[in-house]
Every structure is written in structure tokens, then in C-alpha cells.
Amino acid sequence: MLKKRVAIQDFAAETRLFNHRAVVAMSVVAILFCVIIFNQYQLQIVSYQDYQTRSEGNRIKVMPMAPNRGLIYDRSGILLAENRPVFSLELVPEQIKDMDEVLSALAQLIDITPEQIESFLKHVKAQRRFNSIALKEQLDDTEVAILAANQHRFPGITVEARLSRHYPFGDLFTHALGYIGKINTRELQQLDEDGEAANYAASRDIGKIGLERFYQRELHGTMGYQEVEVNNRGRLIRVLRSVPAVSGQNIHLGLDVGLQLTAQQVLKDQRGAIVAMDPRDGAVLAFYSNPSYDPNLFVHGISSTNYNALLHSRDKPLFNRVTQATYPPASTIKPHLALLGLETNTITPSSKIWDPGYFMLPNVDHRFRDHISWGHGWVDIYTAVMKSCDTFFYELGVKLGIDRISEYMGKMGFGERTGIDIFEESSGIMPSRGWKRARHNQPWYLGDTVPLSIGQSYWTTTPLQLIVATAVILNEGQLATPHLVTAFSDEQNTTFHSPPLQPAIEVVDPNNWQVVRDTMHRTVKDIGGTAHKAFIGASYDAAGKTGTAQLAAIAQDAKYDAKAIDERLRDNAMYIGYAPYDNPSIVIAVALENAGGGGSNAAPIARHMLDYYFTAGVNANE
Amino acid sequence: MNEQFDSSARQSRLALFHIDGPLLLGLMLLMGFGLMILYSASGQNMIMMKAQLIRLGVALAVMVAIAQVKPQTLKRWSLPLFIAGLGLLVAVLLVGHVGKGAQRWLDLGFMKFQPSEVMKLAVPMAVAWFISSHNLPPRLWHLLVGFLMCAIPTLLIAKQPDLGTSILIATAGVFVLFMSGMSWRIIIFVAGVISAFLPVLWIFLMHDYQRQRVLTFLNPESDPLGSGYHIIQSKIAIGSGGLEGKGYLQGTQSQLEFLPERHTDFIFAVVSEEMGLLGVLVLLGVYLFIIARCMFISTQAQENYSKLVAGSFTLTFFVYVFVNIGMVSGLLPVVGVPLPLVSYGGTSMVTLMAAFGVIMSVCTHKRMLATP
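Residues numbered from 1 in each chain as written. Chains lettered and ligands numbered in written order. Predicted model: local features only at pLDDT ≥ 70, side-chain atom pairs only at ≥ 80, totals over all residues.

Visitor: Summarise the overall build of chain B; cite the residues concerned and give the values.
Guide: Across its full length, chain B carries 14 helices and three strands. Counting every position in chain B, which comprises 372 residues, the buried fraction comes to 49%. In chain B, once contacts between residues fewer than 6 apart in sequence are set aside, the share between residues at least 24 apart is 70%. (Helix = DSSP H or I, 4+ residues; strand = E, 2+ residues; numbered from the N terminus. Buried ≥ 20, exposed ≤ 12 C-beta atoms within 10 Å, placed from the backbone. Contact = placed C-beta atoms within 7 Å.)

Visitor: Residues and numbers for the overall build of chain A, please.
Guide: Looking only at helices and strands, one finds 22 helices and 23 strands in chain A. Expressed as a percentage of the 622 residues in chain A, the buried residues total 42%. For chain A, long-range pairs separated by at least 24 residues make up 74% of all intrachain contacts whose partners lie at least 6 apart in sequence.

Visitor: So, the confidence of the model for chain B: which residues are in play, and what are the values?
Guide: Residue and element names in this part refer to chain B. In the predicted model, chain B carries a mean pLDDT of 85, and the fraction of residues at 70 or more is 88%. Overall, residues 1-8 carries pLDDT values under 50, and its contacts beyond four positions in sequence, including any with other chains, amount to 11 contacts. The ipTM value of the predicted complex is 0.91, and its pTM value is 0.68. (pLDDT = per-residue confidence, 0-100.)

Visitor: Could you give me a rundown of the sheet that holds strand E12 (residues 284-290) of chain A, with the residues and numbers involved?
Guide: Residue and element names in this part refer to chain A. Spatially, E12-E11-E23-E22-E21 is the arrangement adopted by the five strands of the open sheet, whose pairing is antiparallel. Two strands lie at the open edges of the sheet, namely E12 and strand E21 (543-549), each paired on one side alone. Within the sheet, the average angular offset between the axes of one strand and its neighbour, ignoring direction, is 5 degrees. When strand E11 (residues 272-277) meets strand E23 (residues 586-592), the two strands line up antiparallel, connected through six bridges. Looking at E23, one finds that Ala273 is bridged to Ala591. Across the sheet, helix H11 (residues 257-267) is in contact with E11 and E12; its angle to E12 comes to roughly 30 degrees. (Pairing = 2+ DSSP bridges. Axes fitted to C-alpha atoms, helices over the stretch in contact; angles between N-to-C directions.)

Visitor: Give a description of the nonpolar core that names residues and reports values.
Guide: Grouped together as the largest cluster of nonpolar side chains are 125 residues, with contacts concentrated most on Val275 and Met609 of chain A. Two domains each provide a minimum of three residues to this core, namely domain 2 (62-253) and domain 3 (257-616) of chain A. Setting aside its immediate chain neighbours within four residues, Val275 of chain A contacts Val284, Ala286, Phe287, Val322, Pro463, Leu464, Ile467 and Ala589 of chain A. Counting 106 residues, the second-largest nonpolar core is a separate cluster that includes Phe178, Ile297, Tyr305 and Ala355 of chain B. (Core = buried A, V, L, I, M, F, W, Y, C linked by C-beta atoms within 7 Å. Domains from an automatic or database assignment.)

Visitor: Break down the sheet that holds strand E8 (residues 224-230) of chain A for me, citing the residues and quoting the values.
Guide: Adjacent strands of a sheet form backbone hydrogen bonds with each other and so pair up, either parallel or antiparallel. Residue and element names in this part refer to chain A. Spatially, three strands are ordered E1-E8-E9 in an open sheet, and the strand pairing comes out antiparallel. Of all the strands in the sheet, the pair left with one neighbour each is strand E1 (60-65) and strand E9 (236-243). Pairwise comparison of adjacent strand axes, ignoring direction, gives a mean angle of 30 degrees for this sheet. In this structure, E8 lies alongside E9, joined through six bridges in antiparallel fashion. If you follow Glu229 over to E9, its bridge partner there is Arg238.

Visitor: Could you give an account of the interface of chain A and chain B, naming the residues involved and the relevant values?
Guide: It is common to report an interface's size as the accessible area lost on association of the parts. With 35 residues of chain A at the contact, the number on the chain B side is 40 residues. Contributions of two or more residues to the side of chain A that touches chain B are made by helix H1 (2-9), helix H2 (11-46) and helix H3 (48-59) of chain A. No other element matches the 19 residues that H2 of chain A contributes to the side of chain A that touches chain B.

Visitor: How would you sum up the packing of helix H6 (residues 140-158) of chain B against helix H7 (residues 163-179) of chain B? Please name residues and give values.
Guide: Residues and elements named next belong to chain B. Where H6 contacts H7, the two axes come as close as 8 Å, and the packing angle between them is 170 degrees. In this view, H6 runs roughly antiparallel relative to H7, as classed from their interaxial angle. Taken together, the residues of H7 that come into contact with H6 (itself represented by Leu143, Gly146, Met149, Cys150, Pro153, Thr154, Ile157 and Ala158) are Leu163, Thr165, Ser166, Ile169, Ala170, Gly173, Val174 and Leu177. Partitioned by chemical class, the residues of the contact of H6 with H7 number 11 nonpolar, five polar and no charged. (Parallel < 35°, antiparallel > 145°, perpendicular 65-115°, else oblique. Nonpolar A, V, L, I, M, F, W, Y, C, P; charged D, E, K, R; others polar.)

Visitor: I'd like to hear about H3 of chain A, residue by residue, with values.
Guide: Residues and elements named next belong to chain A. Between its first and last C-alpha, H3 extends 17 Å over 12 residues, near the 16 Å set by a 1.5 Å rise per residue. Taken as a whole, H3 has its buried residues at Tyr51, Ser55 and Asn58. Looking straight down H3, one finds its buried side chains confined to an arc of 55 degrees; they lie on one side. Away from the buried face of H3 by more than 90 degrees, exposed residues Gln49 and Gly57 are located. (Expected span 1.5 Å × (residues − 1). Arc of directions from axis to C-beta.)

Visitor: Got a sec to walk through the packing of helix H14 (residues 334-343) of chain A against helix H16 (residues 390-400) of chain A? Specific residues and values, please.
Guide: Residues and elements named next belong to chain A. H16 packs onto H14 with a crossing angle of 50 degrees between their chain directions and a minimal axis gap of 10 Å. If you check the angle between H14 and H16, you find them oblique. The crossing of H14 and H16 is left-handed. Across from Lys334, Leu337, Leu340 and Gly341 in H14, the residues of H16 making contact are Phe393, Leu396, Gly397 and Leu400. Tallied by class, the residues present in the contact of H14 with H16 amount to five nonpolar, two polar and one charged. (Left-handed = near helix turned anticlockwise from the far one by under 90°.)

Visitor: Please give an account of the pairing of E8 of chain A that cites residues and values.
Guide: Taken together, the six bridges between E1 of chain A and E8 of chain A define a ladder with antiparallel strand orientation. Across the sheet, residue Lys61 of chain A finds its bridge partner in E8 of chain A, namely Val228 of chain A.

Visitor: So what's going on with the environment of Glu94 of chain A? Residues and values would help.
Guide: All names here are of chain A. Checked against the element boundaries, Glu94 lands in the loop between strand E3 (79-91) and helix H4 (99-109). Glu94 sits in the exposed class, given 12 other C-beta atoms within 10 Å. Note: C-alpha distance between Glu94 and Gly156 (62 residues apart in sequence) is 7.8 Å.

Visitor: So what about helix H21 (residues 510-525) of chain A? Which residues, and what values?
Guide: The terminal C-alpha atoms of H21 of chain A, which comprises 16 residues, lie 22 Å apart, in line with the 22 Å expected from a rise of 1.5 Å per residue. Where H21 of chain A is buried, its residues contact H14, helix H15 (381-386), helix H20 (463-474) and E21 of chain A.

Visitor: With reference to specific residues and values, describe unusual backbone geometry.
Guide: Residues and elements named next belong to chain A. Cis geometry is adopted by the peptide bond preceding Pro291, which originates at Asn290 and carries an omega value of -5 degrees. Along the polypeptide, Pro291 turns up in the loop between E12 and helix H12 (296-299). Cis geometry marks the peptide bond from Ala579 to Pro580, where omega comes out at -15 degrees. Its location among the elements puts Pro580 in the loop between strand E22 (572-579) and E23. Its identity as a non-glycine residue notwithstanding, Asn441 has a phi of 55 degrees, on the positive side.

Visitor: Break down the confidence of the model for chain A for me, with residues and values.
Guide: Overall, the predicted model of chain A reaches an average pLDDT of 89, with 95% of residues at or above 70. Taken together, the stretch residues 1-7 of chain A has pLDDT below 50 and engages in four contacts with residues farther than four places along the chain or on a different chain.

Visitor: Go over the environment of Ser254 of chain B with me, naming the residues and quoting the values.
Guide: Its location among the elements puts Ser254 of chain B in helix H11 (residues 252-255). Ignoring anything within four residues of it in the chain, the contact list for Ser254 of chain B reads Ser40, Ala41, Ala237, Leu259, Arg262, Val270 and Glu273 of chain B.

Visitor: Could you give me a rundown of the environment of Pro338 of chain B, with the residues and numbers involved?
Guide: Structurally, Pro338 of chain B is set in the loop between helix H13 (304-328) and helix H14 (347-364). Sequence separation of Pro338 of chain B and His263 of chain B is 75 residues, and the distance between their C-alpha atoms is 9.8 Å.

What follows is the structure, given as C-alpha cells:
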């Protein structure tokens, strides 16, 4: 064809044209290569630091490590709260596609109760998605083996070995130690407000009540962390840096296992409380509220069946009778009133009154009866305390007047929290004119003062308050703050903890204080003393005061008949005491609900406790 | 046969097999570099290494086989190949296998086949055949026919939909027209038409995922865990490599799998991270060497058909390199283009080496009368 021939003739021109285009093309190629190189230079040289940082941020994660919780020991170093490894089944919600399906598949492998699932789902909602959350705790060996064999089927599911709190003595120390449990939303908020949240990044448990709660900060310790390299799925590749956690401090209590066991044994099924303290420094030696319960139930989340059983039990095991129960102190406060009478010169050690078996206010028909209906006859302060003469104190109380009583007893700690190192504490009631106005919107009547003088009517105290107030008599006006913890320790150091005694009452005449202590001594020593029988043959020199608190109102001429009234309305038996008489190392209070007379019921229990304390316990030599 | 004999015995032996020594050296260097990087990028996966080796072997064999075919024969087969390719594209649309939301594959029973790969070769070859059968520079109506030959397969492939491949194929055809001496006025006019066409493309032809890619390219940080993740992680990998890199097998972005598609489309980021800017310059140097050698070969070819086909393949190869590096380093939106001869996998590697086979054929089959 013609055109083709023409093309061959133009060969040189065509080659020039093509070569020209090739040069243009290669120039563009060169320019674009320069663009790539310039961009690489920007990324790799100019912005190197920025991308280097982001690359590190990708691969390096900081993993918090929870510190080990401090241990709790009794006074002789016996472990009361320990950390034991337990295996738990944990799920990371973020890594699980279909939660319902996984849960039902797991339920086919091991026993999982609907309650556990419910509680798990509740925690899933409350926590961050990438946190590992326990579905079932305390797996047994078989369950661990089954889960390990099937783990490949369930991404996001692990069997974790963790340290878990355990209370080896079960219900023996519950009301003092309290227990720990999972941190809940409210507690998390509180930690946030306190600026403590960061330190709890790896912690799951927190003290809920008792010492575990009061000393949460000390027991918890300081979180550690690991800088780890992870891949894009967050799997740990290697550990780059590790800052170990600092374990919480161990705490050492003044409590004694033997004394606690004695308390539990002597109380048996009797509802009540026993509390003992060293009056010299306020260290609590015994702290037992009966009935008690097993705190281990709470550590891994108590089942609602168990919880309801505890909550609705008629015997109220959750109730801390040592610090929360407010009982009428009854005659146990007679020494305290006697002291006020002496110090105010209202009576003297030799003052006597005639007790016909009752007391009457002027111009009033009502008879305030003595517990001995025929009367004690002529009574001085010694007899009045020793035999617990009501009439003597009716008259003394009326002479003192409510204002002086209220003020003085307030200084001894009545109506105020003692400041013991647990939060579960009631203040009790030390009535006053102002209190009655505020509480009942009524004026204070003289007739109110009469029963108050024998620790009845509005006056209520906790057993702990009773020994604190009694210790004031022993310390001649010094008020001790009761404390369960006597020392903190870590690996290196031990710090002793002993809040100093506080001056509370000015001493007018030291002899008066000695007289009061003498009356309590005679209550135990002298034949006819209300606590005499209980302490016959004791190897130590004890002093004390009994009390019997009426719960049921008895008609003016009726007689109290324990068998005739409801068991829950029977008298409370009370006792306060201390020993040795000349140099007290222990002051004790016993409160027994609906047990009857204090001398015959509460005093023998105090005797058991003191016997143990002075003969078998660690203080046997004192 | 009219062969040009060199003084060197070794080169003559290569010439006997129609192999261009420098180009082969460049390709082998690139493949060696690619295998080394793949070993790292695949996480030392020997199964992948073996598969890639086999693939490279097959691709090399295809290249050598095609290099034996004379350019005249290739020219004669250009149009039939193009027509057969068009038929296959239509067949794909009718009975094609649907994978990843696009009809790209033709199931032949024993293997799946992607007709668009054939068209990567057939379109420039056919356009070159048509243009070279007339005088250069082409007249306007030649150009119009040329554009039409590009447009039909491009639209068919775009409909699959495979926008990336369709654009690359159109580009390959247009390169032929450009190298043939299409006047600058027309080039500017066509560029204007394409710019005007872009909104139409955006509104009517692009799928949502494609639009998303472009939006992500414009602002990757807008969706750091979704579609922006790839490009962000890729830039982190590149940037954190610095001048000297983190060391072979030491790239944290790639070894810890923060970098997605690290052994396929994003393998360039692995090079950047582990070998730094220096490693990147070496790789770019090898690419530039191959491109320059191919362009040189095309200028040395005797026939217009050979020149145009070789020139177009050369520029298309460059476009692959540029688009891949551009998308990995954030210069271009993410389109599924592998880094030629380095990325793991694919039929595209065989196609690519077939193109190099054509270039070698052009280089080594020369008529005596053309020698000066």
C-alpha cells in the first residue's frame, strides 16, 4: 500500500519523534522518582521522631501489676488473713464475638450457675471492655484441666491463677477483720475522687468492712507495672521493663487467737459480745460478736441464697455486737456514777442511806423499786456497788442531776464513738436535756433521771464504750482510744502503732478514784458481792461490776418472771471487769442478750476469759 | 535468523536465547531483593517463600518463552489476542466468578483466570499494531480509533468492577499513543476531557468503597481504626525506619503485624521500616535501572510497533512502581496495586514478566538491514 511505502521513507523522522517522546517520558519518570524520594525524606528523616514515637506507642503497652495485699497477724504472729493462689475462669469481653454462645458453651463444660452468669454480666457492664473479668472463681483441679484442654476453642478466655484472700479462722475474727470483695462502681468513683484510681489499675478487690476496709490504703500497697511489647492483637511478645509492685503492709493485731476461741466456746449459741482491752494503751485483746459468720463466703461474691440467710437470720450474725449494738448499760455504770458523786462531793466514802427497797421522788406516788424488794437497809458506797443497790444510785442520780451526769459520762466516752479502727461503730446514747428535746421534743423530767442512774431508760452503750469508760477509771482520767492494730510491718521495718492516752477528766481527789476501784474489787472479792461466786478460786486478783438490763416494762406491783415473758424480752446480762486489781493489764466487757442476771451469766463468762488470759494465753506471766 | 553478535562470549550465549543481559541482571537483582524482603515481611514463612519462588520461576520461564517469539509474529497476533480478550471480558460479565464483590474471575474448571490480565498486554499491543500500520505521527482519526480501542476494554473492566486495573489498562494504551507522537495540543485536550470526566466517575461509576478510599486518602486520621488504619500504620512504619532502618527482621510495625497487607501491597513499608531511606534508595535505583534499560531498548528497536509496545510496557511498569509506592507512602489513594516483582503473589507477576519477554524479543530480534 502507498502509505506503508511513505512510512519507510519517513523512518528517520519517526525515530527522532519517538526518541524525543522517550526523553520526555524519562524526564517525567525522573521527576516522579524525585517526588517519591522527597516524600520518603520527609517521612523518614524530617518526621522520623514523630513516627518513631508512634511506632513505639503501637508496640509498647504498660501492664499494671497488682500488689500483694498485706497480711494480718494476731498478737503472737498467727496468720489471720492470707493470700492463697486460686484458679479462676476469666473472659475478656472485647475478644468475644458472641457472649451468649460462649457462655452456654462453657456451661456445658463445667458447672456455671445462672447467678454466676448474672454477676459476671453485671461486671462486664461496669468495667472496661478489654479488662479480664472472672466468670467462675475457685475452680477445682478437674475444672482447670477441662478448661485447659478446651481453651483453643474459646479465644478471649483464660484460666488465671491469682492470689485470693483467705481467712483461715473462718468466723472467729469476722467482725474485727471484715472482708474484702470486688471493687464496685461506687468504690471506683470514690477511688477516682481520692486520686487513688491509678494505683488500683490492676486491683480487683477492696476492703468492704472491718479492718480490711479501715486499713485499705495500708494493706493495698503500691501498684507495679511492666512495659511489654505486644503485637497488633495485644498479645504479649516480651517484657521490656518491669517495676515490681510494692506489697501492702502487714498488720499486727492485739487480738489473740486463744482468747477469741475461748470467747467463741463460752458463748456457744448465746447472742452477745465479748470485748477486752489493755487499759494501759488501748490495744484490743479480744473482740468477738456472737453469732458470727464466715467472711470467706464474701471474698468471691456471696450467693444470694447465703446472703439472704445471713441478712434475715433472727440472730443477726452480720450485726457487730461489740461496736454496733447499743445495750442499756444497767448497773455496770454504777462505779462511774459513784466516782462522779465522790468527785463532786455529793457523797463521801462514808455516806450512808436507808434503802427500804424502793425510791420515791417527792410528791410523786411512783415507787422506783430496788432489785431486792425488801431493801438493803443502811447502804454506803461500798455496799451499793458491791451489792448493786439501786436505791442508793436513784438517790445519788437525783442529787447529781442530769446535766452533771450527762457531761461527766460524756467525758468518759459514753454517747461518742470510741474511735476504734473500724468504721462499723455506733455512738450509743448518753441522754441530756438537749438530746431529749431534739429526739423526743420533750423536756427532761426528774423522773427520767431516776432510771438513768442505774443505766436504764434512754442510756445505751456499746460493749466497747463500757470498757473504754472503765479504763478511764483505771487510768485516773486518761481516755484510751481502743485500737485493734498494734503494729505495721513490711519486709524491713516494723512500726508500732499506739495512739497516746488523752486527758479527759480532771482528777479532784485521787483517793476517790481508788475508792471506786475498791468498790469494784469488793464486788468480786467479798462474799455477797454480785460477782463473787463467779470468781471463787481465781488465780489472779480481779475486780468488776455486774449488770442486768431490763428490756420489758414490768407493772408496778408485778414480779419479774423470766419464764413468763418472751425469750427476746428477757434481761440482758452485762459484766465489766479488770485484772489484776493493783496493776490492770486487761479490762473486759461481756454483754449477753436475753440471758438473765449479769452476776450469774455474764460474770462466769468473763471469768473464763480472764482464766485463759492469765493462765494459758501469751500473757500468762503478767 | 538475523541476529546481532556481541564480542563477549557470555553475552552471545544470552543473545542466542534472545535475552538482554543488563535487563536480566536488573530483574534478577529486583527478584532477589524482593525474596529477601518477603522472607521478613511474611514472618519467615517458608511456605510463602516456596510459593513465591515457584511463581518467579514460572514468570521467568514465560518471559524467556515470549522472548523467543519474533516481534513480527507478536504484531501479527496482536489484533486476534485483543479480540479474544474482549470476548473473555464479556464472558466474565456474563458468567464470571464473584469474589470480594467484583466479577473478575473466569472459572475454567482447573484454574481461575482473570481476562483483564491478558488485556494488560493485548490493549497496548493492538493499539501499537493499529498506529504503527500508518505513518507517524498519527492523524486525528487514528488517535480516535486508538482511544476507542482503549476505551472499550476499560469500560468492560470498570464494570466488573475493577477500577484500578481498568485505569492501568487505559493508561497502557494511551502511552502507546503518547509515544507515537500524538500532538501536545491533543494531549492537553485529552487531559482536560479526563478532568471533566472525573466528577462523572465519582458520582456514577465509583462504588462506595472506592469513594471511601479516596476520602480516606485525603484525610486518613478521620478514621484511624477503620479505613484510615492501613495508611496510618504504613506511614508509621516508613517514618520510623529513619535513615538506616530498624534492621532486617527487626521492624516492629511489620513483625508485630501492626502493618496490614505487609507481604502484599504494603511490602514497600517493610523495606522502608527495616532498611531505612538507604534501602529505599537502593530499591528505587534498581527500578530506575530497569526502566532506563527498557526505554533504551525501545529506542533501539527497528520497527515502530516494537518501539511503541516496548515504550508503553516500560512506562506502565513505572506506573505500577509509582502507584504502589505512592499509595503506601500516602501520596496516592489506596488502590490494589502490588509492588512489581516484590509483592507476594499473583497472576500480575506472570503478566509483567510476559511484558519483559516482549521487550527482550524487541531487543534481540533485529534485521540485518537495520544495522548501520
